[in-house]
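Structural overview
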Amino acid sequence: MRAVRKARLIATAAGALAATCVLATAGTAFAKDPGGSQFDVEGNNDKDGGQTLESRIVFTGSTGGDGTGASGGFTPAEDWSPPACWYEPKWTPDQFADEFRERWDIPHASGVGEAYRLSQDHYINGEPYEDFNKKEAGKGIWWDSVRDEKRAEAGDPAAFACDTQTFWVENGEAPNVENAVTPEILAQLAYARIKVPDTAVTLAPADAAKVNLPTWAWLDKAEFDEVSVTASLDVGGVNIQATTTATPVSLKLEPGTPDAETYPASGECTINDDGSIGEPYAKGKADQNPPCGIKYLRSSGDGSFKLQATVTWEVAWTGSGGAGGDLPDGTFGNDQEVVVQEIQSINR
């Protein structure tokens with residue numbers, strides 16, 4: 001198992017070999033970008049059965065997602081997704097030297113001789129780095145690529161876009177590569193881990209709706225408020241963070257049948273000044289139309305209609321150095337079974 005892990009995490013050589021170097025061992029072929037120690041999303045050095053990210057970013061707050069784009073169904077309202085790969089600081093010179101030697105410590109493995117020689121030249125023999133830059137210890141840190149393994153396993157090409165080999169960055173300098181981690185990238189990664197409340201609207205009447213009578217629908221602020229996730233990275237003098245916050249703004253009702261009318265007609269119930277959505281039914285309002293609700297025009301018979309209630313969330317972020325901005329709106333919805341009955345009347 002140790003040899004397999006080393007093979008999977010092998011550092012590739014420079015240039016063309018970075019994308020093609022493959023090590024065969026124990027009858028299995030593996031390829032890996034340079035570096036690559038496994039860290040889970042809490043910053044622990046655990047592999048967790050291959051389901052974790054190779055990252056030292058820590059996520060706190062209302063978390064619940066695995067980074068694949070949405071947590072528990074919270075999805076961008078437009079065609080957008082967080083980075084599937086990025087670069088972040090990983091090792092001091094001594095740490096990278098140990099990492100390098102461990103990854104190449106696979107005696108007699110076939111197909112790696114030239115790649116190993118080129119990597120030695122690149123990081124040890126001065127072409128361009130000498131002895132893993134140990135003379136520069138304390139003045140910078142080695143950066144490496146990180147890949148969202150779930151998106152990689154799903155075959156997302158974006159997960160394989162970060163193919164720059166391990167590189168050195170001086171303290172206080174910004175890496176000159178696309179997708180080098182920044183507060184904004186942290187904010188985008190936090191987006192994919194936001195967990196929002198279930199969208200179970202309160203209905204009145206609660207037990208069964210009646211044909212041609214309005215059903216009131218609402219969400220209380222006390223149960224439905226903004227949520228946020230903070231992503232932090234503190235490695236080798238790089239200390240940045242970002243907080244991504246989702247705030248509910250509207251509720252969309254889809255009755256589950258064309259034989260229904262919504263209030264308002266668009267089915268889009270906006271948020272009230274106090275943060276609630278809709279209005280609770282109260283005695284004496286039976287002859288009023290609700291600000292948010294549905295009127296079913298026929299019975300559901302022996303079954304029920306599937307009411308889809310979807311909340312739209314505005315998403316914004318703030319980060320280190322006063323950075324911040326907006327991210328795409330997110331949506332989250334639930335199905336609710338609604339029984340609709342005919343109004344029974346008795347003629348005397």
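Predicted, not measured: the structure shown is a model, and the values here were computed from it.

1. Some thoughts on the overall build of the protein chain
Helix and strand counts for the protein chain stand at 6 helices and 19 strands. Looking at the protein chain as a whole, 46% of its 348 residues are labelled buried. Long-range pairs, those at least 24 residues apart, make up 72% of the contacts in the protein chain with a sequence separation of at least 6. Carbon and sulfur atoms make up 47% of the accessible area of the protein chain, which totals about 16,800 Å².

2. Considering the packing of aromatic side chains
Scanning the model with the defined rule gives 18 aromatic pairs in all. When the centroid spacing of 5.7 Å and the interplanar angle of 85 degrees are considered together, the rings of phenylalanine 96 and phenylalanine 132 count as edge-to-face. Placement of the pair is phenylalanine 96 in helix 3 (residues 93-104) and phenylalanine 132 in the loop between helix 4 (113-123) and strand 6 (140-147), with a sequence separation of 36 residues. Of the two residues, phenylalanine 96 and phenylalanine 132, neither departs from the other in class, the shared state being buried. Relative to tryptophan 142, the ring of phenylalanine 96 has its centre 4.8 Å away and its plane inclined at 45 degrees; by these criteria the two rings are tilted. Here phenylalanine 96 is found in helix 3, whereas its partner tryptophan 142 is found in strand 6, with 46 residues between them in sequence. Taken as a pair, phenylalanine 96 and tryptophan 142 share a single burial class, namely buried.

3. Some details on the confidence of the model for the protein chain
Caution applies to low-pLDDT parts of the model: their predicted coordinates are not meant to be read in detail. Scored by pLDDT, the protein chain comes out at a mean of 80, with 78% of its residues at no less than 70. When the criterion is pLDDT under 50, residues 1-53 qualifies, and its contacts beyond four places in sequence or with other chains add up to 135 contacts.

4. Some words on the sheet that holds strand 6
A sheet is described by the order of its strands in space; here 3 strands give the open sequence 5-6-7, paired in antiparallel fashion. The sheet terminates laterally at strand 5 (85-91) and strand 7 (167-170), the two strands that pair on one side only. Averaged over all neighbouring strand pairs, the angle between strand axes comes to 45 degrees, with direction disregarded. With 6 bridges connecting them, strand 5 and strand 6 associate as antiparallel partners. Across the sheet, tryptophan 86 pairs through a bridge with valine 146, a residue of strand 6.

5. So, the state of the cysteines
This structure, assessed with the given rule, holds 2 disulfides. Two residues, cysteine 269 and cysteine 292, share a disulfide whose sulfurs are 2.1 Å apart. Between cysteine 269 and cysteine 292 the disulfide shows an S-S torsion of about 85 degrees. By sign, it is right-handed. Here cysteine 269, found in strand 14 (residues 268-270), pairs with cysteine 292, found in the loop between strand 15 (277-278) and strand 16 (293-296); they are 23 residues apart in sequence, far enough to count as distant. The buried category is assigned to cysteine 269, whose relative accessible area is 2%.

6. Describing a negative patch on the surface
Together, Glu78, Asp79, Glu314, Asp326 and Asp329 line one region of the surface with negative charge. Within the fold, glutamate 314 resides in strand 17 (residues 305-319).

7. Some thoughts on the packing of helix 3 against helix 4
Two quantities define a packed helix pair, namely the angle between the axes and the distance from one axis to the other. With their axes 12 Å apart at the nearest point, helix 3 and helix 4 run at an angle of 170 degrees to one another. With respect to helix 4, the axis of helix 3 lies roughly antiparallel. Residues Phe96, Phe100 and Trp104 of helix 3 form the contact with helix 4, whose own contacting residues are Ala115, Tyr116, Ser119, Gln120 and Tyr123. The residue makeup of the contact of helix 3 with helix 4, split by class, is 6 nonpolar, 2 polar and no charged.

8. Digging into helix 3
Residue pairs three or four apart in sequence face the same way in an α-helix, which turns once every 3.6 residues. Spanning 12 residues, helix 3 covers 17 Å between terminal C-alpha atoms, matching the ideal 16 Å at 1.5 Å per step. Listed as buried for helix 3 are Pro93, Phe96, Ala97, Glu99, Phe100, Arg103 and Trp104. The arc that holds the buried residues of helix 3, viewed along the axis, is 165 degrees, so those residues lie on one side.

9. Things to note about the pattern of salt bridges
In total, this model carries 8 salt bridges according to the counting rule given. Here arginine 117 and aspartate 121 are joined by a salt bridge, their closest N and O atoms 3.0 Å apart. With arginine 117 and aspartate 121 both in helix 4 and 4 residues apart, the pair spans about one turn of that helix. Of the charged contacts, one joins glutamate 279 and lysine 285 as a salt bridge, the two residues approaching to 2.2 Å between their closest N and O atoms. We classify lysine 285 as buried; its relative accessible area is 17%. Sharing partners across several salt bridges, the network here consists of Glu114, Arg117 and Asp121.

10. What to know about the nonpolar core
If you look at the biggest cluster of nonpolar residues, it comprises 68 residues, and the most contacted ones within it are Phe74, Trp143, Leu251, Leu253, Tyr296 and Trp313. Of all the elements, strand 17 adds the most residues to this core, at 7 residues.

11. Focus: the environment of threonine 202
As for its position among the elements, threonine 202 is in strand 8 (residues 202-204). A sequence separation of 17 residues divides threonine 202 from leucine 219, and the C-alpha atoms of the two residues are 6.4 Å apart. Among all residues touching threonine 202, those that are not within four sequence positions of it are Trp216, Ala217 and Trp218.

12. Some words on unusual backbone geometry
Look at the link from alanine 204 to proline 205: it is a cis peptide, with omega at 5 degrees. With respect to the helices and strands, the residue proline 205 is situated in the loop between strand 8 and strand 9 (209-210). Positive phi, close to 75 degrees, is recorded for asparagine 179, a residue that is not glycine. Structurally, asparagine 179 is set in the loop between strand 7 and helix 6 (183-191).

Rules behind the numbers
- Residues numbered from 1 in each chain as written.
- Predicted model: local features only at pLDDT ≥ 70, side-chain atom pairs only at ≥ 80, totals over all residues.
- Heavy atoms only, no water.
- Helix = DSSP H or I, 4+ residues; strand = E, 2+ residues; numbered from the N terminus.
- Buried < 20%, exposed > 50% of the residue type's maximum accessible area, 1.4 Å probe, protein only.
- Contact = heavy atoms within 4.5 Å.
- Areas by Shrake-Rupley, 256 points an atom, 1.4 Å probe, with all protein chains shown as cover.
- Phe/Tyr/Trp six-rings, centres within 6.5 Å; stacked < 30°, edge-to-face > 60°.
- pLDDT = per-residue confidence, 0-100.
- Pairing = 2+ DSSP bridges.
- Axes fitted to C-alpha atoms, helices over the stretch in contact; angles between N-to-C directions.
- Disulfide = S-S within 2.5 Å.
- Patch = residues over 30% accessible without salt bridge, like charges linked within 9 Å, V, L, I, M, F, W, Y side chains within 5 Å.
- Salt bridge = Lys/Arg side-chain N within 4 Å of Asp/Glu carboxyl O.
- Lys, Arg positive; Asp, Glu negative; His and termini not counted.
- Charge placed at Lys NZ, Arg CZ, Asp CG, Glu CD.
- Parallel < 35°, antiparallel > 145°, perpendicular 65-115°, else oblique.
- Nonpolar A, V, L, I, M, F, W, Y, C, P; charged D, E, K, R; others polar.
- Expected span 1.5 Å × (residues − 1).
- Arc of directions from axis to C-beta.
- Core = buried A, V, L, I, M, F, W, Y, C linked by side-chain atoms within 4.5 Å.

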